[in-house]
Amino acid sequence: WAFIPANLLPRLKNNYLQGVDRAHVDASPALADVHVNGAWRTVLLSAEGNGGDTIFCLDVTDPAAPKFMWEFADPELFRSRSSPAVAQIGRILYQNTTKWVAFFVSGKTYDDTLYPSIYVIDIADGSLVEKIDLDAEPAGAGGVLSGQPTIVDSDGNGYVDRLYIGSDKG
């Protein structure tokens, strides 16, 4: 089987014609086991990398019959090559419920006044839980985040306590 994100379908002709603006996904995907909608599922999540500004999620619990779950798009995700970090966020911090989320980082921007961001996406439905702008340090404007976010559960209770990510601007 193969999967083509919806926003890339109109650009497939450029691949055939060997034109510019070709459709492709060149970010690294991630697999995770999550508990969503009352069941344990194995999901595949990926950004599009240089191909676009969308992230997507497939349920691959049965590898022979994958199921599309959702797509999430935002212009600031353009060229995000981040593999997501997947974790459970806690009851106290999110409306007294637990949620399995994916942490994605924003892509390369050509606007040096924008700060890089971390997107927290609900794996169950693809909705945005939180967008965290990394704007504490003015020199970080126009920065590009690198790699996969690292999540830490420092007290061992199964919920994320901290997240780390590198930037070319510190």
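A.B. asks: Tell me what's going on with the overall build of the protein chain, and back it up with residues and numbers.
C.D. replies: Each helix and strand in the protein chain was counted, giving 1 helix and 10 strands. Starting at the N terminus, the α and β elements of the protein chain follow one another as α-β-β-β-β-β-β-β-β-β-β. What you see for the protein chain is a C-alpha radius of gyration of 17 Å, in line with the 15 Å of a compact globule of 170 residues. Burial analysis of the protein chain (170 residues in total) assigns 41% to the buried set. With the model as given, the accessible surface of the protein chain reaches about 9200 Å², and the carbon-plus-sulfur share is 53%. Here the protein chain holds 13 positive side-chain charges and 22 negative ones, and the gap between their average locations is 6 Å.

A.B. asks: Go over the pairing of strand β7 (residues 117–122) with me, naming the residues and quoting the values.
C.D. replies: Most of β7 sits inside the fold, with 6 of its 6 residues counted as buried. Across the two faces of β7 the burial is the same, with S117, Y119 and I121 and I118, V120 and D122 all buried. Judged from the 5 bridges that link them, strand β6 (residues 99–105) and β7 form a sheet pairing that is antiparallel. Each bridged residue has a counterpart across the sheet, and for V105 the counterpart in β7 is I118. In the sheet, β7 pairs with strand β8 (residues 128–133) via 5 bridges, with the strands oriented antiparallel.

A.B. asks: How would you explain the packing of aromatic side chains if you had to name every residue and give the values?
C.D. replies: Each pair of aromatic rings is reported with the distance of its centres and the angle of its planes. Under the criterion given, the structure shown has 4 aromatic pairs. Consider the rings of F3 and F56, whose centres lie 4.8 Å apart with planes at 45 degrees: the pair is tilted. Within this pair, whereas F3 is found in the segment before α1 (12–16), its partner F56 is found in strand β3 (residues 54–59), the two being separated by 53 residues in sequence. On the basis of relative accessible area, F3 is assigned to the partly exposed category, the value being 26%. In this structure F56 comes out as buried when scored by relative accessible area, which is 6%.

A.B. asks: Tell me what's going on with the nonpolar core, and back it up with residues and numbers.
C.D. replies: Counting residues in hydrophobic clusters, the biggest one holds 19 residues, and the most contacted among them are V34, L45, I55, V86, F104 and I123. Elements represented by at least two residues in this core include exactly β1 (30–36), β2 (39–47), β3, β4 (67–73), β6 and β7. Grouped together as the second largest cluster of nonpolar side chains are 11 residues, A85, V101, V105 and V120 included.

Here is what the cut-offs are and how they apply
- Residues numbered from 1 in each chain as written.
- Predicted model: local features only at pLDDT ≥ 70, side-chain atom pairs only at ≥ 80, totals over all residues.
- Heavy atoms only, no water.
- Helix = DSSP H or I, 4+ residues; strand = E, 2+ residues; numbered from the N terminus.
- Rg over C-alpha atoms; globule rule 2.2 N^0.38 Å.
- Buried < 20%, exposed > 50% of the residue type's maximum accessible area, 1.4 Å probe, protein only.
- Areas by Shrake-Rupley, 256 points an atom, 1.4 Å probe, with all protein chains shown as cover.
- Lys, Arg positive; Asp, Glu negative; His and termini not counted.
- Charge placed at Lys NZ, Arg CZ, Asp CG, Glu CD.
- Pairing = 2+ DSSP bridges.
- Phe/Tyr/Trp six-rings, centres within 6.5 Å; stacked < 30°, edge-to-face > 60°.
- Core = buried A, V, L, I, M, F, W, Y, C linked by side-chain atoms within 4.5 Å.

Structural measurements only, silent on function.
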